[in-house]
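Coordinate inspection notes
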Amino acid sequence: MSKQSIFGRIAQLAKANINAMIDSAEDPQKMLDQMVRDYTENIREAESAVAQTIGNLRLLEKDHAEDVQEAAQWGNKALAASNKADEFRRAGKELEAGKFDDLAKVALQRQIQSENEARAAEPQISSQTEVVDKLKDGLNSMRGKLQELSTKRDELAARQKTVQAQSQVQDALKSFDVMDPTSEVSRFEEKVRREEARVAGQQELADSSLDRQFEALENMGQQTEIEARLAALKAGSGAKDGENIVSSEEV
């Protein structure tokens, strides 16, 4: 796995629009579970690759530090050899002075070689450090996305359970809804209403019959009074006729 592909994967995952992916998913819960697994696995792989990249950078830095240190050491050796050559030259020992000058030159050559190696490694170290910093940022973004995914998944699971509970409650309430014409309670209520109407009709019919009976009694009473009065009239008329007969005889 190359550094570029690692960085590309991290950048792609870090820029993922989670909300859009959830909206377009047929089953957001399953999709989020799978995304959490995928992100976790990708982070694990990326961490391993980034760790290797960091390790390589540390080796470069270590080699660079050693080159710098060796350059300094060869410089010190070159100075020591040059000083020794000067001592021999002042003592008139030109042959020994020449040998130490040669040693100083060798040391200086090694110093230059170490400095060149250190200088050549610096651009690579700089570039590698930039890559590592970006990879670390990408990993942190991925971890943030993973946390966001986990939170979103837990939130969605809780909301789904709440919706299911609400749906169950609504179904239970609907089964006991007295306003539901298809419910048993409504049918029983309709039966009671019809029975009440039948009884009310019978009562009205009974009341109507009783009224007619009272009307008949009133009519009978009226006829009786008429007969009584007629009899009284007749009785009164007979009495007057008798009085008239008596008066005639006395005359």
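Computed from a predicted model, the values in this text were never measured in an experiment.

**Some points on the pattern of salt bridges**
Within this structure, the stated rule accounts for 10 salt bridges. One salt bridge in this structure joins Glu 61 and Arg 58, with 3.1 Å as the shortest N-O distance. With Glu 61 and Arg 58 both in helix 3 (residues 28-90), this residue pair falls 3 residues apart, about one helical turn. Arg 58 sits in the partly exposed class, given a relative accessible area of 39%. Across the salt bridge formed by Asp 101 and Arg 89, the nearest N and O atoms sit 2.5 Å from each other. Linking Asp 101 in helix 4 (residues 94-175) with Arg 89 in helix 3, this pair joins segments that are 12 residues apart in sequence. Salt bridges linked by common partners bring Asp 86, Arg 89, Glu 94 and Asp 101 together as one network.

**A closer look at the environment of Leu 146**
Checked against the element boundaries, Leu 146 lands in helix 4. Residues Leu 146 and Tyr 39 lie 107 residues apart in sequence; the distance between their C-alpha atoms is 6.4 Å. Ignoring sequence-local partners within four residues, the contact set of Leu 146 consists of Val 36, Tyr 39, Thr 40 and Ile 43.

**Observations regarding the nonpolar core**
Core analysis: the biggest nonpolar cluster contains 13 residues, and Met 35, Tyr 39, Leu 139, Leu 146 and Leu 149 have the highest contact counts within it. Of all the elements in the fold, those that place two or more residues in this core are helix 3 and helix 4. Of all the elements, helix 3 adds the most residues to this core, at 8 residues. Grouped together as the second largest cluster of nonpolar side chains are 5 residues, Leu 57, Leu 60, Ile 125 and Val 132 included.

**With respect to the packing of aromatic side chains**
Under the definition given, this model contains 1 aromatic pair. With 5.4 Å between their ring centres and 20° between their planes, Phe 88 and Phe 100 make a pair best called stacked. Here Phe 88, found in helix 3, pairs with Phe 100, found in helix 4; they are 12 residues apart in sequence, far enough to count as distant. The exposure class of Phe 100 is partly exposed, given its relative accessible area of 25%.

So, how was this worked out
Residues numbered from 1 in each chain as written. Predicted model: local features only at pLDDT ≥ 70, side-chain atom pairs only at ≥ 80, totals over all residues. Heavy atoms only, no water. Salt bridge = Lys/Arg side-chain N within 4 Å of Asp/Glu carboxyl O. Helix = DSSP H or I, 4+ residues; strand = E, 2+ residues; numbered from the N terminus. Buried < 20%, exposed > 50% of the residue type's maximum accessible area, 1.4 Å probe, protein only. Contact = heavy atoms within 4.5 Å. Core = buried A, V, L, I, M, F, W, Y, C linked by side-chain atoms within 4.5 Å. Phe/Tyr/Trp six-rings, centres within 6.5 Å; stacked < 30°, edge-to-face > 60°.

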